[in-house]
Amino acid sequence: MMQTKIGIIGGSGIYNMDGLEDAAWVAAPSAWGSPSDDMLTGRLDGVEMVFLPRHGRGHVHSPTTVPYRANIDALKRLGVTDIISVSACGSFREEMAPGDFVLVDQFIDRTFAREKSFFGTGCVAHVSVAHPTCARLSEACATAGRDAGITIHTGGTYLAMEGPQFSSMAESKLYRAWGCDVIGMTNMPEAKLAREAEICYASVAMVTDYDSWHPDHGAVDVSDVIKTLQGNGTKAQDLISRLPALVGPERTPCPHGCDRALEYAVMTAPDKRDPALVAKLDAIAGRVL
Ligand SMILES: CSC[C@H]1O[C@H](OP(=O)(O)O)[C@H](O)[C@@H]1O
Ligand SMILES: Nc1ncnc2[nH]cnc12
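Keep in mind it's a predicted model, so treat the numbers as computed, not measured.

Each value, and the rule that gives it
- Residues numbered from 1 in each chain as written.
- Chains lettered and ligands numbered in written order.
- Predicted model: local features only at pLDDT ≥ 70, side-chain atom pairs only at ≥ 80, totals over all residues.
- Heavy atoms only, no water.
- Salt bridge = Lys/Arg side-chain N within 4 Å of Asp/Glu carboxyl O.
- Helix = DSSP H or I, 4+ residues; strand = E, 2+ residues; numbered from the N terminus.
- Buried < 20%, exposed > 50% of the residue type's maximum accessible area, 1.4 Å probe, protein only.
- Contact = heavy atoms within 4.5 Å.
- Near = heavy atom within 4 Å.
- Polar contact = N/O pair within 3.5 Å; in protein donor to acceptor, adjacent residues only side chain to side chain.
- Nonpolar A, V, L, I, M, F, W, Y, C, P; charged D, E, K, R; others polar.
- Axes fitted to C-alpha atoms, helices over the stretch in contact; angles between N-to-C directions.
- Left-handed = near helix turned anticlockwise from the far one by under 90°.
- Phe/Tyr/Trp six-rings, centres within 6.5 Å; stacked < 30°, edge-to-face > 60°.
- Lys NZ or Arg CZ within 6 Å of the ring centre and 35° of its normal.
- Parallel < 35°, antiparallel > 145°, perpendicular 65-115°, else oblique.
- UniProt positions renumbered as here; feature names shortened; annotations may be inferred.

Okay, the pattern of salt bridges next. Scanning the entire structure with this criterion turns up 18 salt bridges. For E21, the salt bridge is made with R43, and the minimal N-O distance between the two is 2.9 Å. Taken as a pair, E21 in strand β2 (residues 21–26) and R43 in strand β3 (residues 39–44) lie far apart in primary sequence, 22 residues in all. Across the pair D259 and R251 runs a salt bridge, and its minimum N-O distance is 3.4 Å. In terms of burial, D259 and R251 fall into one category: buried. Connected through shared salt-bridge partners, E21, D22, R43 and E48 make up one network.

Following this line, the structure appears as structure tokens:
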């Protein structure tokens, strides 16, 4: 039986994880450059855990320069089966208030200055991201959040913007009119890359502000975001600590097929594949190449 290994990618304000047994920071290799930082490995309720601070300890990487491919490749090499992204976000909905959590299930990707795929010239592949998050893993996060007493909204569309500046008021109103629920700068291409890596991905977005559309709230201000994040960080740790017991140590195949996303994805004929790229793809796609 395959073993579950839960990877937590902690966003702004989350640079460590409490409560792991046999906790150790380890250097994690990748064929795609250096990950954001070392990774904290350990066990919680009998389940193997890996924690990665997305921006690095001390918040070194901007949303544009986070090494998304190295992060996902390194997590895959460590045997991670399920990733939970925990991120700060702005809200486009009155009822999704600062301090609330949103389980994101859709994205609109407006980022433009990032590498978005492990595949390319010499090994082309197309995976579906019609349902970019894993419903099974998201359900476990919803239960963990409710058990922790967190106000958690299930389902929401996350607008991924390039940043690092926050949106103008006109952009904020436009995204709201598009039906987006929250906004952040990091979940894309992370979710797309997790799908290419056949890792289940769930996104827990912690509301820190109302972006810039709300008539009763001013422009986004990092000091307010940080204040809300401090409360959110404690709640996020509580949610995470309840997850292993819900997910369990023995992994069954994903009922939504996240772990088989590459089954029919690779287009390039075997004799036309670039051996160097194929070698780099050993962890991500070795199963199908
Ligand atoms: C500190 S506010 C802007 C910053 O926070 C979010 O980061 P993360 O998604 O890693 O929690 C947002 O996406 C921006 O990068
Ligand atoms: N309003 C906002 N826009 C983009 N990223 C954010 N992270 C937290 N608040 C945000």
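A few words now on the environment of D105. Turning to its location among the elements, D105 is positioned in the loop between β6 (101–104) and β7 (106–109). Judged by its relative accessible area of 35%, D105 falls in the partly exposed class. Sequence separation between D105 and T157 is 52 residues; the distance between their C-alpha atoms is 6.2 Å. D105 has contacts with P132, T133, G155 and G156, leaving out every residue within four places of it along the chain.

It is worth spelling out the site of ligand 1 at this point. G11, S12, R54, H55, P63, S87, A88, F166, G184, M185, T186 and V225 make up every residue found near ligand 1. S12 is positioned such that a nitrogen or oxygen atom in its side chain is 2.8 Å from an oxygen atom of ligand 1. Contact distances for ligand 1 include 2.8 Å between an oxygen atom and a backbone N or O atom of A88. Residues belonging to the shell around ligand 1 are distributed by class as follows: five nonpolar, six polar and one charged.

It is at 9 Å that the axes of helix α1 (residues 68–77) and helix α4 (residues 187–196) come closest, and there the two elements cross at 35°. When the axes of α1 and α4 are compared, the crossing they make is right-handed. On α4, the residues that touch Y68, R69 and I72 of α1 are M188, P189, E190, L193 and A194.

Attention now goes to the packing of aromatic side chains. For the coordinates displayed, the defined rule picks out six aromatic pairs. With 5.4 Å between their ring centres and 70° between their planes, F107 and Y158 make a pair best called edge-to-face. With a gap of 51 residues between them, F107 in strand β7 and Y158 in strand β9 (residues 157–160) connect regions that are remote in the sequence. Of the residues examined, F107 reaches a relative accessible area of 12% and is grouped as buried. Centroid distance Y175 to W178: 5.5 Å. Interplanar angle 50°. Geometry classified as tilted. Take Y175: its relative accessible area is 4%, and that puts it in the buried class. Taken together through their ring pairs, the aromatic side chains of F92, Y175 and W178 make up a single cluster. A cation sits over an aromatic face here: R57 above W25, 3.8 Å from the ring centre.

Helix-helix packing is characterised by the crossing angle of the two axes and by the distance between the axes. Running from N to C, helix α2 (residues 135–147) and helix α5 (residues 222–247) cross one another at 125°; their axes reach a closest spacing of 8 Å. Classified by the interaxial angle, the pair formed by α2 and α5 is oblique. In the crossing of α2 with α5, the sense of the turn from one axis to the other is right-handed. Taken together, the residues of α5 that come into contact with α2 (itself represented by L137, A140, C141, T143, A144, G145 and D147) are L239, R242, L243, L246 and V247. Partitioned by chemical class, the residues of the contact of α2 with α5 number eight nonpolar, two polar and two charged.

The UniProt feature table records "domain: Nucleoside phosphorylase" (unreviewed entry) at residues 5–242. Secondary structure over residues 5–242 splits into 26% helix and 26% strand, and the C-alpha atoms at its two ends are 15 Å apart.

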